[in-house]
Amino acid sequence: MRKALLCFIVLFAASLSYEVQAQQREITGTVISEEDGLGLPGVNVLVKESSRGVITDLDGKYSIPATEGETLVFSFVGYMSQEHVVGQRTQLDITLSADAKVLGEVLVVGYGSTTKGDLTGNISSVKGADLAAVPVVNFQDALQGRMAGVFVQSSSGKLGEGVKIRVRGTTSISGGNDPLYVIDGVPVTSGGAIGLYNPMADINFNDIESLEVLKDASASAIYGARGANGVVLITTKTGSKGKTKFNVGIQRGFSSPTRTREFLNSAEYIELMREGAYNNDLQIYGIDPINNPEDYEGSDLEFVESRLDRYSGYADWRTGEIDTDWQKQAFNEDAGTFSVNFSASGGDEKTRFFLSGAYDQQTGILIRNDFERVSARLNLDHSVSDKFLIGANFGLSRTENNRLSDDNQFNNPMQLVAMAPITPIRDENGVLYDRPTTTYYNNLIDSENAEWVNVSFRNLTNIFGEYKFTPDLKFRSEFGIDVFNQNEEQFFGSRTNTGLSTNGYGRSRWTRIVNYNTNNFFTYNKVLGGVHNIEAVLGMSFQRSDQNNTFVEGQEFPLDDLRTLASAAEITGGSSSLTNFSFLSYFSRINYKYQEKYLATLSARVDGSSRFGPNNRYGFFPAASVGWILSEEGFLKGNNTLSLLKLRGSYGLTGNAEIGNFEHLGLYGSASYGLVPGLVPTQIPNPNLTWENTKQLDIGIEFGVLSDRITGEIDYYNKNTTDLLLNVPIPATSGFRTQLTNIGDMQNRGVEIVLNSVNIAKPDFTWSTSLNFARNVNEVKKLAPGQLSIPPSSSRFLNAVIIGEPLGVFYGPAYAGVDRSNGDALYYTNQEQTETTTNYNEAERVVLGDPNPSFIAGLSNTIKYKGFDLMFLFQGVFGNEIFDGGGGFFAANGDWFDNSTRDQLARWQNPGDITDVPQARLGECNGCNASSRYISDGSYIRLKTLNVGYSFSPELLSRLKLSSMRVFFTGQNLLTFTDYKGWDPEVSADHLGGNILIGNDFYSAPQSRTLSIGLNVGF
């Protein structure tokens, strides 16, 4: 009987269990944002009055077991919560309406994503749609003025060259200062190209969905030894379920220099040259060739007039028949842009895709400079099952860049301005004049007798798979490869400056960089007790990059029309090299949220690299951050006046591993003696060499008032970098003079402010404003023991490294003006600037200025009225100085027979004259040496972008069977307000490498002003 009763109880319990199990089902669906129709990650999905809960994934999808009649609660910071009773349906899609809009913005972070509300670090974000219409070669230029604390500067108006990006200042003296670029999870090649070519110019920014810059340690520490300079995360576009959408865009623009300089015309040039010679005759030689004809022979005046005869060619300078504007010859009258792009996207429940193709062509404002890019992309993802997702991102591009020489070379078009305006461009037979008729090499000859073409091919591919073990736990594996092939062909004919003495010169350079990376990581999301949200990431990463370089050169070409090296009679040189580096990393991050208002994040990364010495092969980079959303507290929740108030703080350690691939090794180089090969030591080993460390503190506040009509954030940060790489003197008995060692310190501290406002919000009329402001103070804290400074490395440029000063300050003689009695240039001999001297070498060396901006800012406004839209962006850089390295050549008789700028006409001529321009003295360098005379304020405000468009009405689109159509006008660099005397205040002479020689202008091309019209059509 007992056995029968027990059996009955067991069967009854089993049936009850079965009945409950039968009633419980798996509810799946997607949580969508009402604002943009995109899936929301991180939404809490809870079974009311139970401990069961899940979090939506990156696409907003969820899956949770629930019983019919139970209530599901969907909640998310920044959105209105919703409750839904479980019925017969197992598919439940939810749309959440924004409460505090600023908190719901989805941001990409390292190895995942989050929302603005859950973020405890500092990240700046730009959507790809904001960059798409900007008529520039690369997306980096389009970022100017859009992000607080991110300083973007083009070196000049040359196309295809590097762009300087500094995130919260400069952290290294000898190492790299550029951020790490990660595209769809793959750290990509951003340097190492031939010459000054910028590999990031290969990226078509029409393919970019969003771009995030990780700035503080909490955000960037998960990238460990490469996070100190910031991390730029680029996410490309993907497809979504629905009808296939097509989009076609076309844009045509016309470009010109933002500004030109005024140089002397023929009459003024003749006057200044003759005056300078006559002053020499009177003061130096004591003769008067004008009033005493017998003094003319052998005088400087005779010498100058004989040169004027030579420089006039077939013409006579005395009649003024020739007045050549050489500056005009340097610029291209047909400069402009043309681009066309196409994309298709769509998919179904199983497969989604995004396909694009683009052609971009830009003719530079400088002659012989143009850029062309052809690119294509295919992004696919496929749901094998509810648990298994696979996908791939394929990006291909080909770029062709007709390049120019460095700024300091005579065949740089900008150096044409040094030519005498009395010189005709061509002789009477139509042949370009050259020396000795011209003062310097006439590089217009390069336009007819030279080629310099750089072609690159880029393959960016990433494949991935993601498997959900449970609704809370998933594993993702990624493998990416970035293949960069570049070939540069140069030919200089027998008339060119380079090929003149060798009957033509040719050179071919080739490089291939194969960079591959794999990421493998688990992500765990769990809601405990309805109030504890936990997200954890744990994984590993491996990256290796191999670079091969080959070079060959030859000379003696039979004809200038035969331009490949196969035609060279003599191969004069060649070499090849191989370099590589690798990283093995382990990383983790834990995000914790309690009651939707208390936040904490812990992250860490262990990096091991071939770049580090064997005694310091692995580094540990932790970070921690906390946040408190006060506006979710009972005493503030629902307050429309103060709709958002959030405090956050972070502290962590990041590194800079851009220290060279083999700096820690003892290296040997090839040598020969009597044609017998051998080896010689070239570098002393340092097994202790390691990364540069940066510890960063960040304290921030985010706020929203008047129902988020005004939102913003304010951050204070303090970055202290230690173990800076410096070459330290060592005993000569070692056979070497210096050794690279981790020894210096540097600090960056500053404030960032972001303000956004919705000024007008009506159905037919909206107006919003965004302002960002950042101030950064850089200071060198420590150098090698006993070392107080690193003086300027060149007598022509003034940058130095001084403890207690910002990196690269200008250091040299202070110009004291002109002696009123005799026209001599004067310099101060003491720091108090009370005594002067005419001897440049006796002048006191002092700090003259700072090339680093005191603060940067950006201000944008977006106005929409019915179908019309207007956006304009002002960008500003303030408090920096620029040294015009060409100023000494532009000075009155500053460097022989160079033409001068028109301001030199204000030179001293008679006793008592009050002026800053010394007396003209041919070849005597009266004030032409590097000093504060050529330093001026580099601050500027620029109307960076203006965009005006019209979107056609739905009624018209319906008749045309289109989904969208917009015509627009875009202007880039339309207005510039500055006191800088040179061509353009956004400048950095491209032949000056390194981190110290900054803020210099040396015949550098101005930025381009571009006006363009375009059309976008969707169907």
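Look up: the structure comes first, before these words.
A few points on the structure. Please read these numbers as outputs of a predicted model, since none were measured by experiment. Think of each chain on its own: its residues are numbered from 1, step by step along the sequence as written. Where totals are concerned, whole chains, interfaces and linings use all residues; where local detail is concerned, this predicted model gives features only for residues with pLDDT of at least 70, and gives and counts side-chain atom pairs only at 80 or more. As a convention, hydrogens and water are excluded, and side-chain values are obtained from all of the structure's heavy atoms.

## Quick look at the pattern of salt bridges
Then step 1. Salt bridges, as used here, are contacts in which a Lys or Arg side-chain nitrogen is within 4 Å of a carboxyl oxygen on Asp or Glu. Enumeration over the complete set of coordinates arrives at 55 salt bridges.
Then step 2. The residue Lys116 makes a salt bridge to Glu713 at a minimum N-O spacing of 2.9 Å. With Lys116 in the loop between β9 (112–115) and β10 (123–127) and Glu713 in strand β33 (residues 710–729), the pair connects residues that are 597 residues apart, well separated along the chain. Take Lys116 and Glu713: they sit in the same class, and that class is buried.
Then step 3. Here Asp309 makes a salt bridge to Arg318, at a shortest N to O gap of 3.1 Å.
Then step 4. The classification of residues rests on relative accessible area computed with a 1.4 Å probe and restricted to protein chains. Under 20% of the type maximum is buried, over 50% is exposed, and intermediate values are partly exposed. Overall, the relative accessible area of 38% leaves Asp309 in the partly exposed class. Runs of H or I in DSSP of at least four residues are treated as helices and runs of E of at least two as strands, each being numbered from the N terminus.

## Some remarks on the nonpolar core
Then step 1. The definition of a nonpolar core used throughout is a set of buried Ala, Val, Leu, Ile, Met, Phe, Trp, Tyr and Cys residues joined through side-chain atoms within 4.5 Å. In terms of nonpolar packing, the biggest core is built from 37 residues, with Met414, Leu798, Leu848, Phe883 and Tyr1003 touching the most fellow members.
Then step 2. Put simply, the parts of the chain that give this core at least two residues each are β39 (815–818), β40 (825–828), β42 (845–849) and α8 (887–890).
Then step 3. For this core, the leading source of residues is β40, giving three residues.
Then step 4. By definition, residues are in contact when any of their heavy atoms lie within 4.5 Å. Contacts of Tyr1003, omitting those with residues within four sequence positions, involve Asp407, Asn412, Met414, Gln415, Val417, Gly886, Phe889, Phe890, Asp898 and Trp983.
Then step 5. Formed by 26 residues, the second largest nonpolar core is a distinct cluster that contains Leu131, Val136, Leu211 and Leu460.

## A look at helix α4 (residues 266–283)
Then step 1. Every helix has an expected span of 1.5 Å times one less than the residues it contains. The end-to-end C-alpha distance of α4, which contains 18 residues, comes to 26 Å, matching closely the 26 Å that a straight helix rising 1.5 Å per residue would cover.
Then step 2. Within α4, 13 of the 18 residues are buried, which leaves it mostly tucked inside the rest of the structure.
Then step 3. Two or three places before Ala267, at the start of α4, stands the capping residue Asn265, its side-chain oxygen 3.2 Å from that residue's backbone nitrogen. N or O atoms within 3.5 Å of each other form a polar contact, as long as, within protein, one can give a hydrogen and the other can take it, and as long as residues adjacent in sequence are counted only when both atoms are side-chain atoms.

## Observations regarding the state of the cysteines
When the sulfur atoms of two cysteines share a covalent bond, that bond is a disulfide.
Then step 1. Cysteine sulfur pairs qualify as disulfides if the two atoms are within 2.5 Å. Tallying each qualifying case throughout the model produces one disulfide.
Then step 2. Across the disulfide from Cys925 sits Cys928; the S-S distance is 1.8 Å. Across the S-S bond of Cys925 and Cys928 the torsion is about -105°, and the bridge reads as left-handed.

## So, the packing of aromatic side chains
Then step 1. Each Phe, Tyr or Trp ring (for Trp, its six-membered ring) is paired with any other whose centre lies within 6.5 Å, and the angle between the two planes then decides the class: stacked below 30 degrees, edge-to-face above 60, tilted in between. Applying the stated criterion across every chain yields a total of 47 aromatic pairs.
Then step 2. Consider the rings of Phe263 and Phe890, whose centres lie 5.6 Å apart with planes at 80°: the pair is edge-to-face. Here Phe263 is found in the loop between β17 (242–257) and α4, whereas its partner Phe890 is found in helix α8, with 627 residues between them in sequence. An identical accessibility class is assigned to Phe263 and Phe890; each is buried.
Then step 3. Measuring from centroid to centroid gives 6.2 Å for Trp452 and Phe492, while their planes differ by 75°, and the two rings are edge-to-face. On the criterion of sequence distance, the pair formed by Trp452 in strand β22 (residues 450–468) and Phe492 in strand β23 (residues 473–492) is long-range, its members being 40 residues apart.
Then step 4. Following the ring pairs from residue to residue traces out a cluster consisting of Phe263, Phe797, Phe810, Phe883, Phe889, Phe890, Trp983, Phe1002 and Tyr1003.
Then step 5. Charges are assigned to positions over rings by a cutoff of 6 Å between ring centre and Lys NZ or Arg CZ, combined with an angular limit of 35 degrees from the ring normal. When the ring centre of Phe583 is taken as reference, the NZ or CZ atom of Arg226 above it lies at 4.2 Å.
Then step 6. Directly above the aromatic system of Tyr940 lies the positively charged group of Arg942, at a separation of 5.2 Å from the ring centroid.

## Focus on the sheet that holds strand β46 (residues 935–937)
Then step 1. The mixed open sheet is built from three strands, whose spatial order is β46-β45-β49. Strands at the two margins of the open sheet, each flanked by one partner only, are β46 and β49 (1000–1001).
Then step 2. Where strand β45 (residues 881–884) lies against β49, two bridges are found, and the strand directions are parallel. Considered in β49, the bridge of Phe883 is made with Asn1000. Between any two strands, at least two bridges found by DSSP are needed for them to pair.

## A short note on the pairing of strand β16 (residues 231–236)
Then step 1. Taking burial as the measure, the six residues of β16 include five buried ones, the bulk of the element.
Then step 2. The pairing of strand β13 (residues 180–183) with β16 spans four bridges and is classified as parallel. By the bridge assignment for β16, Val182 is matched with Leu233.
Then step 3. As paired elements, strand β15 (residues 208–214) and β16 share six bridges and run antiparallel to each other. Bridged to Leu211 within β16 is Ile234.

## Re helix α5 (residues 300–311)
Then step 1. With twelve residues, α5 should cover 16 Å at 1.5 Å per step; its first-to-last C-alpha distance of 16 Å lies within 8% of that length.
Then step 2. Inspection of α5 places Asp300, Leu301, Val304, Glu305, Arg307, Leu308 and Tyr311 among the buried residues, and these make up the whole buried set. The buried residues of α5 occupy an angular sector of 155° when projected down its axis, which confines them to one face.
Then step 3. Phi turns positive one or two residues past the end of α5, at Gly313, with a value near 60°. Think of the arc as the fan of directions from the helix axis to the C-beta atoms.

## As for the environment of Leu689
Then step 1. Checked against the element boundaries, Leu689 lands in the loop between β31 (676–683) and β32 (692–705).
Then step 2. The sequence separation of Leu689 and Tyr717 amounts to 28 residues, and the corresponding C-alpha distance is 28 Å.
Then step 3. Residue contacts for Leu689: discarding those within four places in its chain leaves Phe612, Gly613, Asn616, Ile659, Glu663, His664, Leu725, Leu740, Thr741 and Asn742.

## So, empty space enclosed by the protein
Then step 1. Each cavity reported here is a set of points on a 1 Å grid over the protein atoms alone in which a 1.4 Å probe fits but cannot get out, each pocket an open set with protein on both sides within 12 Å along at least five of seven lines, and each lining residue one with an atom within 4 Å of a point. Grid points are joined across faces, edges and corners, and a volume is the space filled by probe spheres set on the points. A full pass over the atoms with the stated rule returns nine cavities of 30 Å³ or more.
Then step 2. Within the lining of the largest cavity, the residues separate by chemical class into five nonpolar, 13 polar and five charged.
Then step 3. Reported here for the second largest cavity is a volume of approximately 170 Å³.
Then step 4. Along the wall of the second largest cavity there are 16 residues; nearest its centre are Val109, Leu119, Ser218, Arg589 and Thr601.
Then step 5. Listed by contribution, the elements that provide at least two residues to the lining of the second largest cavity are α3 (217–220), β26 (570–594) and β27 (598–609).
Then step 6. When the residues that make up the lining of the second largest cavity are grouped by side-chain class, the tally is six nonpolar, eight polar and two charged. Three classes are used: nonpolar for Ala, Val, Leu, Ile, Met, Phe, Trp, Tyr, Cys and Pro, charged for Asp, Glu, Lys and Arg, and polar for all others, with Gly counted as polar.

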